[in-house]
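Listed here are the chains, written in short residue letters.
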Amino acid sequence: MTKVTLIDHPLIQHKLTLMRKAETSTAKFRVLLKEISLLLAYEVTRDLPLKYEVIKTPLAPMNAPVLAPEKKLVLVSIMRAGQGILDGMLELMPSVRVGHVGLYRDPKTLIPVEYYFKVPDDVDKRDMLVVDPMLATGNSAVAAVERLKSTNPMSIRFVCLLAAPEGIEHFCAVHPDVPLYTAAIDDHLDEHGYIIPGLGDAGDRLFGTK
């Protein structure tokens, strides 16, 4: 069974509430998403392994912890709204490689259609963090992770801002081996597949397209 981790840090919850408000501007929405993404990255990467090396401080030498070099990461954004989380996480991890999966949801069937795919050549030697703000029906996340599994990454984790129970159930059923991290689990989906209460269309609010 997929491990679902609810990241309920007070700062994340406060900022998420501000994002949910209908009157929040596009500019403010972007800033808040980047700030939350930094906090999400902190939680998702807390088990990264360390090694120790001798350094010299201004006062004395010490055996200091640094990230183990063999633990390489790749961040994969599910376009287009995933870009907002990607930008925030890159602030914290500027040296990681980046991939993109382009999907759009057919408005009638709600089935995802792939239009773009690009990941680093050495993804089979990297652990993968897949990011997308919303896990609604779960169709896009399931399709993206299925496609990414074909590149044989060392591991995959899925990170989102909001999730609906229906999306979690679908994702867990198809990808029980992929840990899922979210900042909130909302009530349900409406007849159009939107998360309720949610925050609207994350892509439109991020890019100001509505």
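Quick caveat: nothing in here was measured; it's all calculated off a predicted structure.

Section: the overall build of the chain
Turning to step 1, where the next piece is worked out: Summing up its helical and strand segments, the chain has 6 helices and 12 strands in all.
Turning to step 2, where the next piece is worked out: Against the compact-globule benchmark of 17 Å for 210 residues, the chain has a radius of gyration of 18 Å, which places it among compact chains.
Turning to step 3, where the next piece is worked out: Taken along its principal axes, the extent of the C-alpha atoms in the chain is 65 × 40 × 30 Å.
Turning to step 4, where the next piece is worked out: When the 210 residues of the chain are sorted by exposure, 46% land in the buried category.
Turning to step 5, where the next piece is worked out: In the chain, the proportion of contacts linking residues at least 24 apart, taken out of those at least 6 apart, comes to 64%.
Turning to step 6, where the next piece is worked out: Carbon and sulfur atoms make up 57% of the accessible area of the chain, which totals about 10,900 Å².
Turning to step 7, where the next piece is worked out: Averaging the coordinates of the 24 positive side-chain charges in the chain and doing the same for the 26 negative ones gives two points 6 Å apart.

Concerning the layout of surface pockets
Turning to step 1, where the next piece is worked out: If you add up the space inside the largest pocket, you get close to 680 Å³.
Turning to step 2, where the next piece is worked out: Along the wall of the largest pocket there are 31 residues; nearest its centre are Arg-105, Met-134, Ser-140, Tyr-194 and Asp-201.
Turning to step 3, where the next piece is worked out: Secondary structure elements with two or more residues in the lining of the largest pocket: β4 (73-79), β5 (97-105), β8 (134-135), α4 (139-149) and α6 (202-207).
Turning to step 4, where the next piece is worked out: Residues belonging to the lining of the largest pocket are distributed by class as follows: 15 nonpolar, 10 polar and 6 charged.
Turning to step 5, where the next piece is worked out: Reported here for the second largest pocket is a volume of approximately 280 Å³.
Turning to step 6, where the next piece is worked out: Lining the second largest pocket are 14 residues, and of these Leu-48, Leu-67, Leu-73, Met-93 and Val-96 sit closest to its centre.

The rules behind the values
Residues numbered from 1 in each chain as written. Predicted model: local features only at pLDDT ≥ 70, side-chain atom pairs only at ≥ 80, totals over all residues. Heavy atoms only, no water. Helix = DSSP H or I, 4+ residues; strand = E, 2+ residues; numbered from the N terminus. Rg over C-alpha atoms; globule rule 2.2 N^0.38 Å. Buried < 20%, exposed > 50% of the residue type's maximum accessible area, 1.4 Å probe, protein only. Contact = heavy atoms within 4.5 Å. Areas by Shrake-Rupley, 256 points an atom, 1.4 Å probe, with all protein chains shown as cover. Lys, Arg positive; Asp, Glu negative; His and termini not counted. Charge placed at Lys NZ, Arg CZ, Asp CG, Glu CD. 1 Å grid on protein atoms, 1.4 Å probe; cavity = no way out; pocket = protein on both sides within 12 Å on 5 of 7 lines; lining within 4 Å. Points joined across faces, edges and corners; volume = space filled by probe spheres on them. Nonpolar A, V, L, I, M, F, W, Y, C, P; charged D, E, K, R; others polar.

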